[in-house]
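Here is what each chain is made of, one letter per residue.
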Amino acid sequence: MTSRSLPRSQRLQPMAMALVAALLLILLPLSAQAQTFKLDDSTSPRSRVVPRFIVDEAGNTWGRAIEADHAVLRYGQVVYRLDMRPHLGQRARIYFVRELQNGPPNGTRLNWKTADGQLSGSLLSGERALVWSGKVSQPWMELPLLLEIDINLQRWSPQAGRSGIAQVTYFELERQP
């Protein structure tokens, strides 16, 4: 029996199944994104965090750096306070996110470590990294991070109209099954 001799409904069935499978593949990533939440960190220090030390790539104090290729701004420990109330009792992962900057890459890399030294990483513009994983058991979470910014002085150009180094960061929570 050839496919032309089958009734039309039976000939369309494989195409319909392929269409459903394609739609599932498209919608699957959307359902995963639906479980991502931007966390409220509005009680965290955010407007002005100033570096404690500025050194070059060799660790020399900035005033002594003669022809440095990099400047490293060391902020020390910054404690972020995250509102976890909507996620109590859930298994989750928390990501540290560096907002995508407009324009070309500006030669800055944000480095971080958790205070306990368990996790560390670095973020370029538009990237995110895991900083915590577990079950949410408290309404508020304090997340201390050791921060520094590495500036490649060969590529860095300050943003017009701004002084200093603008770093827009936030936290995202992904619920886990």
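The following paragraphs examine the structure supplied in this document. None of the values given here were measured: they were computed from a predicted structure.

Turning our attention to the overall build of the chain. Looking only at helices and strands, one finds one helix and nine strands in the chain. Here the chain holds 177 residues, and 27% of them are scored as buried. Long-range contacts, defined here as pairs at least 24 residues apart, represent 77% of the contacts in the chain between residues at least 6 apart. When the accessible surface of the chain is summed, it comes to about 11,900 Å², and 54% of that surface belongs to carbon and sulfur atoms.

Below, the discussion takes up the nonpolar core. In terms of nonpolar packing, the biggest core is built from 25 residues, with Leu82, Ile94, Phe96, Leu147 and Phe171 touching the most fellow members. Every element with two or more residues in this core is listed here: β3 (70-83), β4 (91-98), β5 (108-114), β7 (128-135), β8 (140-152) and β9 (169-176). Sequence-distant contacts of phenylalanine 171, that is, excluding residues within four places in its chain, are made with Phe37, Lys38, Leu39, Asp41, Tyr80, Leu82, Ile94, Tyr95, Phe96, Val131, Leu143 and Leu145.

Time to look at the side chain of histidine 87. Note on placement: histidine 87 falls in the loop between β3 and β4. Among the polar contacts made by the side chain of histidine 87, one reaches the side chain of arginine 175 at a distance of 3.2 Å. The residues contacting histidine 87, other than those within four sequence positions of it, are Phe37, Leu39, Val136, Leu173 and Arg175.

We now examine the side chain of threonine 108. One can find threonine 108 in strand β5. Looking at threonine 108, its side chain comes within polar contact range of the side chain of arginine 98, at 2.5 Å.

Here we come to the pattern of salt bridges. Two side chains bearing opposite charge may form a pair once their charged atoms approach each other closely. Tallied over the full model, the rule gives four salt bridges. The partner of glutamate 148 in a salt bridge is arginine 74, with the nearest N and O atoms 3.4 Å apart. With a gap of 74 residues between them, glutamate 148 in strand β8 and arginine 74 in strand β3 connect regions that are remote in the sequence. For arginine 128, the salt bridge is made with glutamate 172, and the minimal N-O distance between the two is 2.7 Å. One end of the pair, arginine 128, is in strand β7; the other, glutamate 172, is in strand β9, and 44 residues separate them in sequence. According to the relative accessible area criterion, arginine 128 is partly exposed, its value standing at 35%. Linked by salt bridges that have partners in common, Arg128, Glu172 and Glu174 make up one network.

Attention shifts here to the environment of valine 168. Counting through the fold element by element, valine 168 comes out in the loop between β8 and β9. Taking the C-alpha atoms as reference points, valine 168 and serine 125, 43 residues apart in sequence, are found 9.3 Å from one another. Valine 168 has contacts with Val97, Arg98 and Glu99, leaving out every residue within four places of it along the chain.

This paragraph deals with the sheet that holds β3. Ordered by their spatial adjacency, five strands build an open sheet running β2-β3-β8-β5-β6, and the pairing between neighbours is antiparallel. Pairing within the sheet leaves two strands with one partner each, and these edge strands are β2 (53-56) and β6 (120-123). Across the sheet, the axes of successive neighbouring strands diverge by a mean angle of 30°, strand direction being ignored.

Before going further, it helps to spend a moment on a nonpolar patch on the surface. A grouping of Ile54, Trp62 and Leu153 is seen on the molecular surface, where their side chains present a nonpolar patch of about 230 Å² in accessible area. You can see tryptophan 62 is positioned in the loop between β2 and β3.

A few words on the packing of aromatic side chains. The tally for this structure, following the rule as stated, stands at four aromatic pairs. Summarising the aromatic geometry, the rings of phenylalanine 96 and phenylalanine 171 are spaced 5.0 Å apart at their centres and angled 25° between planes, so their arrangement reads as stacked. Of this pair, phenylalanine 96 sits in strand β4 while phenylalanine 171 sits in strand β9, and the two are 75 residues apart along the sequence. There is no split in this pair, since phenylalanine 96 and phenylalanine 171 are both buried. Counting every residue linked through ring pairs, the aromatic cluster contains Tyr80, Phe96, Trp112 and Phe171. Here lysine 38 stacks its cationic end above the ring of tyrosine 170, 4.4 Å away from the centre of that ring.

Calculation rules
Residues numbered from 1 in each chain as written. Predicted model: local features only at pLDDT ≥ 70, side-chain atom pairs only at ≥ 80, totals over all residues. Heavy atoms only, no water. Helix = DSSP H or I, 4+ residues; strand = E, 2+ residues; numbered from the N terminus. Buried < 20%, exposed > 50% of the residue type's maximum accessible area, 1.4 Å probe, protein only. Contact = heavy atoms within 4.5 Å. Areas by Shrake-Rupley, 256 points an atom, 1.4 Å probe, with all protein chains shown as cover. Core = buried A, V, L, I, M, F, W, Y, C linked by side-chain atoms within 4.5 Å. Polar contact = N/O pair within 3.5 Å; in protein donor to acceptor, adjacent residues only side chain to side chain. Salt bridge = Lys/Arg side-chain N within 4 Å of Asp/Glu carboxyl O. Pairing = 2+ DSSP bridges. Axes fitted to C-alpha atoms, helices over the stretch in contact; angles between N-to-C directions. Patch = residues over 30% accessible without salt bridge, like charges linked within 9 Å, V, L, I, M, F, W, Y side chains within 5 Å. Phe/Tyr/Trp six-rings, centres within 6.5 Å; stacked < 30°, edge-to-face > 60°. Lys NZ or Arg CZ within 6 Å of the ring centre and 35° of its normal.

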